[in-house]
Amino acid sequence: ELKVEQNPLFLSMQEGKNYTIYCNYSTTSDRLYWYRQDPGKSLESLFVLLSNGAVKQEGRLMASLDTKARLSTLHITAAVHDLSATYFCAVATSGTYKYIFGTGTRLKVLA
Amino acid sequence: DTEVTQTPKHLVMGMTNKKSLKCEQHMGHRAMYWYKQKAKKPPELMFVYSYEKLSINESVPSRFSPECPNSSLLNLHLHALQPEDSALYLCASSQVQGTDTDTQYFGPGTRLTVL
């Protein structure tokens, strides 16, 4: 059974600082996704990672994938308050539409 | 147009009621999904339709009944729900697997309260 874990679960950080969120998954997967969710809102797609060593960047966020270690990271550079949200990774079981979401990381960026 | 719409936005129903949630997309996506999300928890996959056929049912109780009338529409019929079914119900759609466009687009959700 595919399991997806994120850490930390909660993250409070100062503006301007850097930090990394980790996403570990338990079985082989060919697709990993990162989403953002603001309180009371739906999910917004951030990144799709499809191969080992894939790296994608958008603004202050950069995501990477290591399929051998079954690990993805979401790196935050010089955080700003607008990045405060809950971040989820999601993994799809190989060859299926079955997506399993990680536990989520609630990020709060303090001014 | 990268929008998934859901109606209603809010729904309050009694345990004996029958209601339906509706989801629509016009992106030409051939996979559509229902998720349930409880407060401060990740979304949990309920159903997946692929080319209008049910391909995944995650052992969801029969009081939830999905329907995909055509490639743009997805319904979730609700009957005899329990208070613990109160949650945010999210619909999503996606393209085919394995491409850079293979991402799920989520609707705004229906917040369901069962009394």
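Residues numbered from 1 in each chain as written. Chains lettered and ligands numbered in written order. Predicted model: local features only at pLDDT ≥ 70, side-chain atom pairs only at ≥ 80, totals over all residues. Heavy atoms only, no water.

Undergrad: Explanation requested: the sheet that holds strand S1 (residues 4-7) of chain A in the structure shown.
TA: By definition, the strands of a sheet pair up through backbone hydrogen bonds, in either a parallel or an antiparallel sense. Residues and elements named next belong to chain A. If you walk across this open sheet you meet the five strands as S1-S3-S8-S7-S6, and the pairing is antiparallel. Two strands close off the open sheet at either side, each with one partner strand: S1 and strand S6 (55-58). Geometrically, the sheet is characterised by an average inter-axis angle of 15° between neighbouring strands, direction not taken into account. The sheet contact formed by strand S7 (residues 61-66) and strand S8 (residues 71-76) spans six bridges and is antiparallel. Bridged to Ala63 within S8 is Leu74. (Pairing = 2+ DSSP bridges. Helix = DSSP H or I, 4+ residues; strand = E, 2+ residues; numbered from the N terminus. Axes fitted to C-alpha atoms, helices over the stretch in contact; angles between N-to-C directions.)

Undergrad: Hey, could you run me through the nonpolar core in this one?
TA: Grouped burial of nonpolar side chains is what soluble globular proteins tend to show. Within the largest apolar cluster, 25 residues are counted, with the highest numbers of intra-cluster contacts made by A:Leu32, A:Trp34, A:Leu74, A:Ile76, A:Tyr87 and A:Leu107. Among the elements of the structure, strand S2 (10-14), strand S3 (19-25), strand S4 (29-37), strand S5 (43-49), S7, S8, strand S9 (85-93) and strand S11 (105-110) of chain A are those that each provide at least two residues to this core. Counting residues per element, this core draws most heavily on S9(A), at four residues. Once you skip the residues sitting within four places of it in the chain, A:Leu32 turns out to touch A:Cys23, A:Tyr25, A:Phe47, A:Val48, A:Leu49, A:Leu65, A:Ser72, A:Ala90 and A:Val91. Counting 23 residues, the second largest nonpolar core, distinct from the first, contains B:Leu11, B:Cys68, B:Ala87 and B:Leu112. (Core = buried A, V, L, I, M, F, W, Y, C linked by side-chain atoms within 4.5 Å. Buried < 20%, exposed > 50% of the residue type's maximum accessible area, 1.4 Å probe, protein only. Contact = heavy atoms within 4.5 Å.)

Undergrad: How should the state of the cysteines be read in this particular structure?
TA: Should the sulfur atoms of two cysteines be covalently bonded, the bond is a disulfide. Throughout the structure, instances matching the rule amount to two disulfides over all chains. Residue A:Cys23 pairs covalently with A:Cys89 via a disulfide, S to S 2.0 Å. Since a negative S-S torsion denotes a left-handed disulfide, the A:Cys23-A:Cys89 link at about 80° is right-handed. Taken together, the positions of A:Cys23 in strand S3 and A:Cys89 in strand S9 put the pair 66 residues apart, joining distant regions of the chain. Here the two residues A:Cys23 and A:Cys89 agree in accessibility, since each one is buried. Two residues share a disulfide in this structure: B:Cys23 and B:Cys91, whose sulfurs sit 1.9 Å from each other. Disulfide B:Cys23 to B:Cys91: torsion about the S-S bond roughly -70°, handedness left-handed. In this pair, B:Cys23 is assigned in strand S3 (residues 18-25) and B:Cys91 in strand S9 (residues 87-94), connecting sequence segments 68 residues apart. Grouping residues by exposure puts B:Cys23 and B:Cys91 together as buried. (Disulfide = S-S within 2.5 Å.)

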